[in-house]
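# Geometric and topological summary
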Amino acid sequence: MKVVWCEEAAAFDRAAADRLLQGLHARDKAFVALPTGRTPLGLYSELARRAAGGVGLPRRARYINLDEFVGLGRGDPQSYAAYLQRHFLEPARIDAERVYLLRGDAPDLAAECRDADAVVARWGGLDLAVLGLGENGHIAFNEPGSDWSATTHVVRLTEQTRASQAPPPPGAPGVPEQGITLGIATLRAARRLLLLVRGASKREALAALLRGTVDPNWPVTSLIGHPDLLVLADAGLRPMEDGAGH
Ligand code: GLP
C-alpha cells in the first residue's frame, strides 16, 4: 500500500486523474469501476478539463459503477447512474455500450447481481477500482460486517450511511434502505486499486486502514495486502506520528 498525502484539492484531483489514466492505459479495453459521492467530483472535473484540452480517455476502455440504491432506475436523478452520467460519462463522451450501470430498479435483484458479475467476467475483470471511503469504513456499499467473499450483492444500508448521502430534493422519497454493490471479492480482485480519502469525517476509517490490521468492522481493511493499492488522502488526515501537518 502506498499513501500519497495531498496538501491541496487540485493536487489531489490531478493525482487521481493520473492514476485513473494509468489504469485505463494498462491494457486495451481496460475496465474500470467508478465511485460516486462528493470525493470524486474534482477527479471528474479534472478529466473533463483534460478532455477539453485534447487529452481524452482511451476510446475502447469500459466502465461500471461501484454501487447503486435499490429502487432507483438509471433515469432517476437521485441514482448513482444519473450522477455518473452527469459528472463523467456525458462530459467525457463515453459510448453507452462501453458502460454497465447497475439497475437498482431491476424486478429481480438476484438476477441483476448475476448480470453484473457476468459483465465483470466478460470484460476481463477490473483493471482498476476507484473507491471512496465511508465514514464507517465502507467501500462501495460493503458495510461493516459484510461478507468479504461476496461478489455483487444487495445490502441493507446503515443509518449512518443513509444519513451521509446528499439529501433528496423536496418532495422526493427519502434515501433508500438498501443498496446493490460490487462485493469485496470483486474489488480485491482488481489489478489496481485507488482509494480516495477526503474530509475530516473519514479520519477514523483511514486510521483503521493505516493501522494495517484486518478488521471486519472496517471493510476498508479488506484491502490490506493488495499488491497495488494507492491511497490518496488529504494531508490534514495525516496521523501525528507521520510528521507534517500537526
Ligand atoms: C457512498 C457511496 C460510496 C462512497 C461514499 C463516500 O456511501 N456508496 O461508494 O465512497 O458514499 O462518499 P463521499 O465521497 O460523498 O464522502
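In what follows, the accompanying structure is described. Values in this document were obtained by computation on a predicted structure and should not be read as measured data. (Residues numbered from 1 in each chain as written. Predicted model: local features only at pLDDT ≥ 70, side-chain atom pairs only at ≥ 80, totals over all residues. Heavy atoms only, no water.)

## Some details on helix H3 (residues 80-89)
- Where burial is concerned, most of H3 is hidden: 7 out of the 10 residues are buried.
- Those residues of H3 not exposed but buried are Tyr80, Ala81, Ala82, Tyr83, Leu84, Phe88 and Leu89.
- The inward-facing, buried residues of H3 contact strand S2 (31-34), helix H2 (41-52), strand S3 (62-65), strand S4 (67-69) and strand S5 (99-100). (Buried < 20%, exposed > 50% of the residue type's maximum accessible area, 1.4 Å probe, protein only. Helix = DSSP H or I, 4+ residues; strand = E, 2+ residues; numbered from the N terminus. Contact = heavy atoms within 4.5 Å.)

## Describing the site of the ligand
- Near the ligand lie 13 residues; those nearest to it are Arg38, Thr39, Asp67, His138 and Lys202.
- One of the side-chain N or O atoms of Tyr80 is found 3.3 Å from a nitrogen atom in the ligand.
- His138 is positioned with one of its side-chain polar atoms (N or O) 2.8 Å from an oxygen atom of the ligand.
- Mapping the ligand onto the cavity grids shows that it belongs to the largest pocket.
- Looking at the shell around the ligand residue by residue, the classes come out as 4 nonpolar, 6 polar and 3 charged. (Near = heavy atom within 4 Å. Polar contact = N/O pair within 3.5 Å; in protein donor to acceptor, adjacent residues only side chain to side chain. 1 Å grid on protein atoms, 1.4 Å probe; cavity = no way out; pocket = protein on both sides within 12 Å on 5 of 7 lines; lining within 4 Å. Sits in = over half its atoms within 2 Å of the grid points. Nonpolar A, V, L, I, M, F, W, Y, C, P; charged D, E, K, R; others polar.)

## A closer look at the sheet that holds strand S6 (residues 128-131)
- Read across the sheet, 7 strands follow the order S1-S10-S9-S6-S2-S3-S5 without closing on themselves; strand pairing throughout is parallel. Since the sheet does not close on itself, it has two edges, and those belong to strand S1 (2-6) and S5, each with one partner.
- Pairing between S2 and S6: 2 bridges, direction parallel. What sits directly across from Val32, in S6, is Leu128. (Pairing = 2+ DSSP bridges.)

## Regarding H2
- Under the 1.5 Å per step criterion, the end-to-end length of H2 is 17 Å for 12 residues, consistent within 8% with the ideal 16 Å.
- Looking only at H2, the buried set comprises Gly42, Leu43, Tyr44, Glu46, Leu47 and Arg50.
- Those residues of H2 hidden inside the fold are in contact with helix H1 (9-24), S2, H3, S6 and strand S9 (192-197).
- Residue Gly54 follows H2 closely and has a positive phi angle near 95 degrees. (Expected span 1.5 Å × (residues − 1).)

## Observations concerning the pairing of strand S7 (residues 153-156)
- Residues of S7 alternate between two faces, with His153 and Val155 buried on one and Val154 and Arg156 left unburied on the opposite face.
- Pairing geometry for S7 and strand S8 (residues 178-181), over 4 bridges, is antiparallel. Among the inter-strand pairings, Val155 is bridged to a residue of S8, identified as Gly179.

## Observations regarding the pattern of salt bridges
- Tallied over the full model, the rule gives 14 salt bridges.
- In this structure, Arg49 engages Glu46 in a salt bridge whose closest nitrogen and oxygen atoms are separated by 3.0 Å. Pair noted here: Arg49 and Glu46 are both in helix H2, with a separation of 3 residues, about one helical turn.
- For the salt bridge of Arg156 with Glu177, the shortest nitrogen-to-oxygen distance reads 3.5 Å. Taken together, the residues span a long stretch of sequence, with Arg156 in strand S7 and Glu177 in the loop between helix H5 (159-164) and S8 at a distance of 21 residues.
- With relative accessibility at 47%, the residue Glu177 sits in the partly exposed group.
- What emerges from the salt-bridge pattern is a single network uniting Asp18, Glu46, Arg49 and Arg50. (Salt bridge = Lys/Arg side-chain N within 4 Å of Asp/Glu carboxyl O.)

## Observations concerning unusual backbone geometry
- Positive phi, normally seen in glycine, also occurs at Arg93, with a value near 55 degrees.
- Relative to the helices and strands, Arg93 is located in the loop between H3 and S5.
- Overall, Arg93 belongs to the exposed group, its relative accessible area being 71%.
- Backbone geometry places Ala140, a non-glycine residue, at a positive phi of 50 degrees.

## Comments concerning the packing of H2 against H3
- The N-to-C vectors of H2 and H3 enclose an angle of 40 degrees; their axes lie 9 Å apart at closest approach. When the axis of H2 is compared with that of H3, the two are oblique. Across the interface between the two elements, Leu41, Tyr44 and Leu47 from H2 touch Tyr83, Leu84, His87 and Phe88 from H3.
- When grouped by side-chain class, the residues that make up the contact of H2 with H3 number 6 nonpolar, 1 polar and no charged. (Axes fitted to C-alpha atoms, helices over the stretch in contact; angles between N-to-C directions. Parallel < 35°, antiparallel > 145°, perpendicular 65-115°, else oblique.)

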